[in-house]
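# Geometric and topological summary
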Amino acid sequence: MRIVMENIHKAFGANKVLQGVDFTLEPGETHALMGENGAGKSTLMNILTGLFPQNQGKITIDGKETAFTNAKEAEEAGLAFIRQELNIWPQMTVLENLFIGREKRNALGVLKEKEMKKQAEAIFKRMNISIPLNKEAGECSVGEQQMIEIAKALMLDAEVIIMDEPTSALTDREIEMLFQIMKELTSGGVSLVYISHRMEEIFEICDRITVMRDGVSVATSYIKETSFDEIVKQMVGRELEDRYPERNPTYGETIMEVNGLTKEDVFADISFSIRKGEILGISGLMGAGRTEIMRSIFGIDSFDQGEIKIDGKAISIKTPASAAKQGLAFITEDRKEEGLVLDFSIRENIGLTNLESFSPNGVVKGNDEKQFVKMMIERLKVKTESQETQAVNLSGGNQQKVVIAKWVGTAPKVLIMDEPTRGIDVGAKREIYHLMNELTDRGIAIIMVSSDLPEVLGMSDRILVIHEGKISGELARKEATQEKIMTFATGGN
Amino acid sequence: MKTSKLTTIWSKLVPLLALFGLIVVVTILNPSFIDPANIMNLLRQISINGLIAFGMTFVILTGGIDLSVGSILALTSALSAGMMVAGVDPILAIVIGTLLGAVFGALNGVLIAKGKMAPFIVTLATMTIYRGLTLVYTGGKPITGLGDSYAFQLFGKGYFLGIPVPAVTMILAFIVLAFMLHKMAFGRKTYALGGNEKAALVSGIKVDRVKIMIYSISGMMAGLAGMILTSRLNSAQPTAGQAYEMDAIAAVVIGGTSLAGGKGRIAGTFIGVLIIGILNNAMNLLGISSFYQQVVKGVVILIAVLLDRKRS
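If you're wondering where the values come from, they're calculated on a predicted model, not measured in any experiment.

Residues and elements named next belong to chain A. Throughout the structure, instances matching the rule amount to 31 salt bridges over all chains. Measuring nitrogen to oxygen at the nearest pair gives 2.9 Å for the salt bridge that ties R208 to E29. In this pair, R208 sits in strand β9 (residues 208-213) while E29 sits in the loop between β2 (15-25) and β3 (30-34), placing the two residues 179 residues apart along the sequence. Given a relative accessible area of 9%, R208 falls into the buried group. With a relative accessible area of 7%, E29 lands in the buried category. By sharing partners, the salt bridges in this structure join R275, E278, R462 and E474 into a single network.

The next subject is the side chain of S216 of chain B. Residue and element names in this part refer to chain B. By secondary structure assignment, the location of S216 is in helix α10 (residues 207-233). Relative accessible area serves as the criterion here: at 15%, S216 is assigned to the buried category. In this view, S216 contacts A102, G105 and A106; residues no more than four positions away in its chain are not counted.

Residues and elements named next belong to chain A. Annotation of chain A at the domain level lists domain 1 (3-236) and domain 2 (254-489). On the domain 2 side, the residues contacting the 11 residues of domain 1 number 12 residues. Taking both partners together, domain 1 and domain 2 bury about 960 Å²; carbon and sulfur atoms supply 59% of that area. Connecting domain 1 to domain 2 are 0 residue pairs in polar contact (both at pLDDT 80 or more). Looking at the side of domain 1 that touches domain 2 residue by residue, the class counts come to 4 nonpolar, 4 polar and 3 charged.

It is worth spelling out empty space enclosed by the protein at this point. Residues and elements named next belong to chain A. Overall, the coordinates contain 1 cavity of 30 Å³ or more when judged by the stated rule. In this model, the largest cavity occupies a volume close to 150 Å³. In terms of lining, the largest cavity is formed by 14 residues, of which the most central are F228, R243, Y244, V426 and K429. The greatest single-element share of the lining of the largest cavity, amounting to 4 residues, is contributed by helix α16 (residues 426-441). When the residues that make up the lining of the largest cavity are grouped by side-chain class, the tally is 8 nonpolar, 1 polar and 5 charged. Each of domain 1 (3-236) and domain 2 (254-489) contributes no fewer than three residues to the lining of the largest cavity.

With that settled, consider the layout of surface pockets. All names here are of chain A. Counted as a void, the second largest pocket has a volume near 760 Å³. Along its surface, the second largest pocket is lined by 34 residues, and D172, I175, R198, E201 and S451 are the ones closest to its centre. Breaking the lining of the second largest pocket down by element, the ones donating at least two residues are α6 (172-187), α7 (199-205), β13 (279-284), α17 (453-459) and α18 (482-489). Considering only residue class, the lining of the second largest pocket consists of 11 nonpolar, 10 polar and 13 charged. Taken domain by domain, the makeup of the lining of the second largest pocket includes at least three residues from each of domain 1 (3-236) and domain 2 (254-489).

Neighbouring strands of a sheet are bound in pairs by backbone hydrogen bonds; such pairs are parallel or else antiparallel. Residues and elements named next belong to chain A. Here 4 strands make up an open sheet; going across it, the order is β12-β11-β14-β15 and the pairing antiparallel. Looking along the sheet, the strands with just one partner apiece sit at the ends: β12 (267-275) and β15 (313-315). Neighbour-to-neighbour, the strand axes of the sheet open up by a mean angle of 20°, direction not taken into account. Relative to β15, strand β14 (residues 305-310) is paired through 3 bridges, and the arrangement is antiparallel. Paired with I308 across the two strands is I315, which belongs to β15.

Turning our eyes to something else, we now look at the nonpolar core. Among the nonpolar cores identified, the biggest contains 92 residues, and L51, F58, L177, I266 and I275 of chain B are the most heavily contacted of them. Look past the residues within four positions of I266 of chain B in its chain and what remains in contact with it is F54, T57, F58, F174, L177, A178, L181 and H182 of chain B. One finds I300, A323, A391 and Y433 of chain A within the second-largest nonpolar core, a separate group that totals 66 residues.

Residue and element names in this part refer to chain B. Relative to each other, helix α6 (residues 150-157) and α10 sit at 110°, their axes nearing to 7 Å. With respect to α10, the axis of α6 lies roughly perpendicular. Contact with α6, carried on its side by F152, Q153, F155, G156 and K157, involves L224, M227, I228, T230, S231 and R232 of α10 and no other residues of that element. Residues of the contact of α6 with α10, tallied by class, amount to 5 nonpolar, 4 polar and 2 charged.

If you look at the interface, chain A gives 29 residues, while chain B gives 20 residues. Summing both partners gives a buried area of about 2000 Å² for chain A against chain B, and 63% of it is carried by carbon and sulfur. At the junction of chain A with chain B, the criterion picks out 4 salt bridges. Between R188 of chain B and E369 of chain A there is a salt bridge; the shortest N-O distance is 2.7 Å. For the pair chain A and chain B, the number of links is 9 residue pairs in polar contact (both at pLDDT 80 or more). Contributions of two or more residues to the side of chain A that touches chain B are made by α10 (320-325), α11 (335-339), α12 (346-352), α13 (355-358) and α15 (396-408) of chain A. Looking at the side of chain A that touches chain B, the element that brings in the most residues is α11 of chain A, giving 4 residues. Grouping the amino acids of the side of chain A that touches chain B by side-chain chemistry returns 13 nonpolar, 7 polar and 9 charged.

Cut-offs and rules
- Residues numbered from 1 in each chain as written.
- Chains lettered and ligands numbered in written order.
- Predicted model: local features only at pLDDT ≥ 70, side-chain atom pairs only at ≥ 80, totals over all residues.
- Heavy atoms only, no water.
- Salt bridge = Lys/Arg side-chain N within 4 Å of Asp/Glu carboxyl O.
- Helix = DSSP H or I, 4+ residues; strand = E, 2+ residues; numbered from the N terminus.
- Buried < 20%, exposed > 50% of the residue type's maximum accessible area, 1.4 Å probe, protein only.
- Contact = heavy atoms within 4.5 Å.
- Domains from an automatic or database assignment.
- Buried area = accessible area lost by both parts, 1.4 Å probe.
- Polar contact = N/O pair within 3.5 Å; in protein donor to acceptor, adjacent residues only side chain to side chain.
- Nonpolar A, V, L, I, M, F, W, Y, C, P; charged D, E, K, R; others polar.
- 1 Å grid on protein atoms, 1.4 Å probe; cavity = no way out; pocket = protein on both sides within 12 Å on 5 of 7 lines; lining within 4 Å.
- Points joined across faces, edges and corners; volume = space filled by probe spheres on them.
- Pairing = 2+ DSSP bridges.
- Axes fitted to C-alpha atoms, helices over the stretch in contact; angles between N-to-C directions.
- Core = buried A, V, L, I, M, F, W, Y, C linked by side-chain atoms within 4.5 Å.
- Parallel < 35°, antiparallel > 145°, perpendicular 65-115°, else oblique.

Printed below as a string of structure tokens:
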């Protein structure tokens, strides 16, 4: 299938999201779509798959002008869109998920289980994967759930599959498997649109790349003929300095110590310490227990054994409220689920962690709050017209800045950041890295959990690697390499 | 941005416009509706539902529900009447009765927050428990002979500057609760809890404590309403307050508060209380059978929720 989108314009009210985008997709190619958050990638793909129409411009498929009026039409024409939030019913089995809404049944309405099983097995075989069909989908890993989505697309004879950030929650092994399947699909003539922020992956798997910026397609190039720097330049529209700002840390005394922290079946004997002004990177594979350790330290979840010391004193943390009181702050990995109240304004969200200081006698001092929020917005360079903008209307990068502002404002001693830059654009990432340096310069200690290895290497002063709930290695900044981290992360030494 | 601002203004105006429309229509149908005497009568009639609905607003804003308010009203009414019969000072009995309402509400809150049970189930259970306790305590018979304390009589039947005292109580409660909800940290936490409980917890808010507080407020308002009813009837009725939770929930919903939590205003609830009160009052004035009144009330609730859906 050959798709040509020409000069696509789209506005939502006064908000011009797309202002002239050209995009072509050749049969059997893997085409990366890249751009900062808010550049218009998702809108473009939503127009292609019929979620809403363009205001201007035309779409031709195999030479014929096309305009799908709804998602179902696009699906029937062979276009599948696998979104970042997967469409999985966790309580239903893999097989039920595969056939949801298109169950095969006989004249009486009784399901033809055998036939469905056969078809599912055939698809899994084509993809060269094996997931038990009677397993509950909720029990499957995110990687497997993604495979289920791809299988669903293939069962509809999809000729074009659009994947939005497919690897953001996958382990390296699962990513490898996904790439294998992608290669098999393209060799069979299926075209793939690959939306991602991960440059390394794009250079590994894609044939061409289209970069979008501010609703315009900046350039389309063959991967072989372009470079990392070139793409970044196209994306941000300017030369980017080094990806990670230089760190010149000066350390103070030990601020936090964790001794023998254990939670049965989750993590065991976790001991480490961190000094003022230090960034401690926590690396490891998805599911190794990194996030769980941090959640227990911050009092969201409980732990069975061990102690946490701040300033040399053992403290008891039972709830996030008590953790915050002790000078801890926690930026969760899921900003929409746990970081923000989406219906709240920026002001109300930032105010939430600081309520006590604005309301010494229970009454919120509105002016104090506004002043404070104004300062935080400027400090974190949150792009917004007003502090009354609802969090739900912000781009991912700006949402993340609001979450960070919430906690930076509490002047914590130890700031725990879980995947601080996941799913946000290069520009915002850099601003966050600068902020981390600024915070450590003022003596704050940062624990950074990250699945992004270059980020761990680029920002950490020291790196702990977690493997199956235990610390499997510790590396100083100078000696750390991707290979060494991966060796520890996979249980080698 | 502009459109969203318009829609928020619109969503605040719809209940208000409905209220004015209703007043105009009713006045045309029967001009005696706007007689000051009838208006004062109306205000007294709505005060009990008003108090309960204000408390319910906090509960529903957090995405919860409190079905036990009618039973709390009956139980506090019986207990305070019992105290008065036993010779306790009536004013003291009123204060204790109101506080007992808060205690019964707090028990709901503890079960919900610490027991991690669904508010619907917990308050369904305590609704029966509190009602059962009322029946046990009263032996199923009204408690009478509460004496003729002037202050006690005033609480349910008196006037202050020409306004019925129950209405004054309701308006004072409204002012205090609206201040708590919109000007105090506690109110912000209430909205945060309803908007995203996980985020509220992770932000260091003592979620359990806020929940217990909220159900205490609901129980306390029910208790206060119970005191007014006791004074008005000059007795405690074991079956008092049955299905009062439904009128309270209806008022909150008509006022535009989302049952999913996080969105809504207590001023809207006041309008909802007025709409329900006027409907009842007007249909009585117009001589419409109380059987039809129930049908109309149900239809109004449906329309309110439908309009709410359209807006969001």
